Amino acid sequence: MPKFYFEDFSPGWKAAFGPRRITREEMIEFASQFDPQPMHLDEEAAAKTMLGGLGASGWHTCAFVMRMIADGFLLDAASMGAPGIDEVKWMRPVRPGDSLTVRGSVLSTRRSQSKPDRGFVTLHWEVFNQRGEMVMTLTCPQMLLRRNAGATA
Amino acid sequence: MRYFEDIKVGDRIALGSHTFTADGIKAFAAKYDPQAFHMDEAAAAKSHFGALCASGWHTVAAWMRLRVLYQQREDAERAARGEIVAKLGPSPGFRELKWLKPVYAGDTITYASEVAEKRESKSRPGWGLVFARNTGTNQKGELVLSFLGSGFVERRPG
């Protein structure tokens, strides 16, 4: 049974997950499959790009952070998925071997107008490397079941 | 890639399609998004999705792959014609990503990209920023995802 429902989140809720290390091997594996650009695949070619060296695909950083959030709390929550992502900013390259820390906070919550069994929690996530530099931010509404949704729906 | 100056708002490209298999959906989810409705048919059947469906991150990663492959084809054709290939830089981010409908196992998503906005970069001389509305449509013609992506594009020298 989930531990966390819609009602458990309100502005003021905060969480921190990690650090978790991202390896060169997994960066190249993701890029080979989904983002095969030289800046994500090859050190020498990447050095000549704006990234100035091998950097993770931004989509990989998103997916990597998704897993940290899933392990951090979402798998214990009555998650119904997310209807989208308001905004992602890729601010600095994520390098092989970086250790990422994720800090989250709740910006707002609202109950669904059309479906009384659920609500939306808008979360803002900041992702830092081991030097404390912000590498990415992510703002997204998370859909969650309300507690006792079955009884009230 | 064309130079920034040669890109026009409204330019649209068809990126091709990707079919999401149950195995592919589960493999992505096992690594990055192991929520039950992306991992297990029986659990997904009991969820509000009603059947196994892809992680939203998987559906945009598949877009990225097709966008890169499109650019590689275009660049090769440009080079074969003896034209200069402009550089495409990294992306500073995206916004307004909407996962409008679930992408189920067996669905084929066709992706497209249309230039929505462009401006010179203030922080990086020699580069412009191009914003594109990217979409994915399933085999029934339903829009399943949409987002406004961005990327640095090299400006014409001089």
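Overview of the structure. Quantities reported herein were computed from a predicted structural model and do not represent experimental measurements.

### So, the overall build of chain A
Then, number 1: For chain A, the count of helices and strands is five helices and five strands.
Then, number 2: Written out in order from the N terminus, the α and β elements of chain A read β-α-α-α-α-β-β-β-β-α.
Then, number 3: Projected onto the principal axes, the alpha-carbon positions of chain A cover approximately 60 × 30 × 25 Å.

### Quick notes on the overall build of chain B
Then, number 1: Each helix and strand in chain B was counted, giving four helices and five strands.
Then, number 2: Reading chain B from its N end, one meets helices and strands in the order β-α-α-α-α-β-β-β-β.
Then, number 3: Judged by the C-alpha coordinates and their principal axes, chain B covers about 60 × 35 × 30 Å.
Then, number 4: Residues classed as buried in chain B amount to 35% of the 158 residues present.

### Some details on the interface of chain A and chain B
Then, number 1: Contact with chain A, which involves 27 residues of that partner, is made by 23 residues of chain B.
Then, number 2: Within the residue set of the side of chain A that touches chain B, elements represented by two or more residues are helix H4 (58-72) and strand E2 (84-90) of chain A.
Then, number 3: Class assignment for the residues of the side of chain A that touches chain B results in 17 nonpolar, five polar and five charged.
Then, number 4: Summarising the sheet, E2(A) and strand E2 (residues 93-99) of chain B pair through five bridges and their orientation is antiparallel. Across the sheet, the residue bridging to A:Val88 is B:Phe94, located in E2(B).

### What to know about the nonpolar core
Then, number 1: Ranked by size, the top nonpolar core spans 69 residues in total, and within it A:Val65, A:Ile69 and B:Val60 carry the most contacts.
Then, number 2: Looking at this core element by element, the count peaks at nine residues for H4(A).
Then, number 3: Excluding residues that lie within four positions of it along the chain, A:Ile69 makes contacts with A:Phe17, A:Leu74, A:Val102 and A:Trp125.
Then, number 4: If you look at the next biggest cluster of nonpolar residues, it comprises seven residues, including B:Phe4, B:Ala132, B:Phe152 and B:Val153.

### As for the sheet that holds strand E1 (residues 12-19) of chain B
Then, number 1: If you walk across this open sheet you meet the 10 strands as E1(A)-E3(A)-E4(A)-E5(A)-E2(A)-E2(B)-E5(B)-E4(B)-E3(B)-E1(B), and the pairing is antiparallel. Strands with a single pairing partner mark the edges of an open sheet, and in this sheet they are strand E1 (14-21) of chain A together with E1 of chain B. Pairwise comparison of adjacent strand axes, ignoring direction, gives a mean angle of 20 degrees for this sheet.
Then, number 2: Most of the contacts of H4(A) go to E1(A), to which it runs at about 120 degrees, and overall it touches E1, E2, strand E3 (99-111), strand E4 (118-128) and strand E5 (134-145) of chain A.
Then, number 3: Docked against the sheet, helix H4 (residues 56-80) of chain B engages E1, E2, strand E3 (108-120), strand E4 (127-137) and strand E5 (143-154) of chain B, running at close to 125 degrees with respect to E1(B).

### Structural notes on the pairing of E2(A)
Then, number 1: As defined by bridge partners, E2(A) adjoins E5(A) across four bridges and the pair is classed as antiparallel. Paired with A:Glu87 across the two strands is A:Thr139, which belongs to E5(A).

### As for the packing of H4(A) against H4(B)
Each pair of packed helices gets described by two things: the angle between the helix axes and the distance between those axes.
Then, number 1: At a minimum axis separation of 10 Å, H4(A) and H4(B) run at an interaxial angle of 165 degrees. As the angle between them shows, H4(A) and H4(B) are arranged roughly antiparallel. The handedness of the crossing between H4(A) and H4(B) is left-handed. Contacts between H4(A) and H4(B) pair A:Trp59, A:Cys62, A:Ala63 and A:Met66 from the former with B:Trp57, B:Val60, B:Ala61 and B:Met64 from the latter.
Then, number 2: Partitioned by chemical class, the residues of the contact of H4(A) with H4(B) number eight nonpolar, no polar and no charged.

### Examining the pairing of E3(B)
Residue and element names in this part refer to chain B.
Then, number 1: In terms of strand pairing, E1 meets E3 through seven bridges, oriented antiparallel. Counterpart to Arg 12 in the pairing with E3 is Glu 114.
Then, number 2: Looking at chain direction, E3 and E4 are connected through 10 bridges and run antiparallel. Each residue of the ladder has a partner; that of Lys 118, found in E4, is Val 130.
Then, number 3: Connecting E3 to the next strand, E4, in antiparallel fashion are six residues, including Gly 126 with a positive phi near 90 degrees.

### What about the environment of B:Ile84?
Then, number 1: Looking at where B:Ile84 falls in the secondary structure, it is placed in the loop between H4 and E2.
Then, number 2: In this structure the C-alpha to C-alpha distance between B:Ile84 and B:Gly136, which are 52 residues apart in sequence, comes to 30 Å.

### With respect to unusual backbone geometry
Then, number 1: Look at the link from A:Gly18 to A:Pro19: it is a cis peptide, with omega at 5 degrees.
Then, number 2: Mapped onto the elements, A:Pro19 comes out in strand E1.
Then, number 3: Here B:Glu96, not a glycine, exhibits a phi torsion of approximately 60 degrees, which is positive.
Then, number 4: If you trace the backbone, B:Glu96 turns up in strand E2.
Then, number 5: Here B:Glu96 falls in the partly exposed class, since 13 other C-beta atoms lie within 10 Å of it.

Reading guide: rules and limits
Residues numbered from 1 in each chain as written. Chains lettered and ligands numbered in written order. Predicted model: local features only at pLDDT ≥ 70, side-chain atom pairs only at ≥ 80, totals over all residues. Helix = DSSP H or I, 4+ residues; strand = E, 2+ residues; numbered from the N terminus. Buried ≥ 20, exposed ≤ 12 C-beta atoms within 10 Å, placed from the backbone. Contact = placed C-beta atoms within 7 Å. Nonpolar A, V, L, I, M, F, W, Y, C, P; charged D, E, K, R; others polar. Pairing = 2+ DSSP bridges. Core = buried A, V, L, I, M, F, W, Y, C linked by C-beta atoms within 7 Å. Axes fitted to C-alpha atoms, helices over the stretch in contact; angles between N-to-C directions. Parallel < 35°, antiparallel > 145°, perpendicular 65-115°, else oblique. Left-handed = near helix turned anticlockwise from the far one by under 90°.

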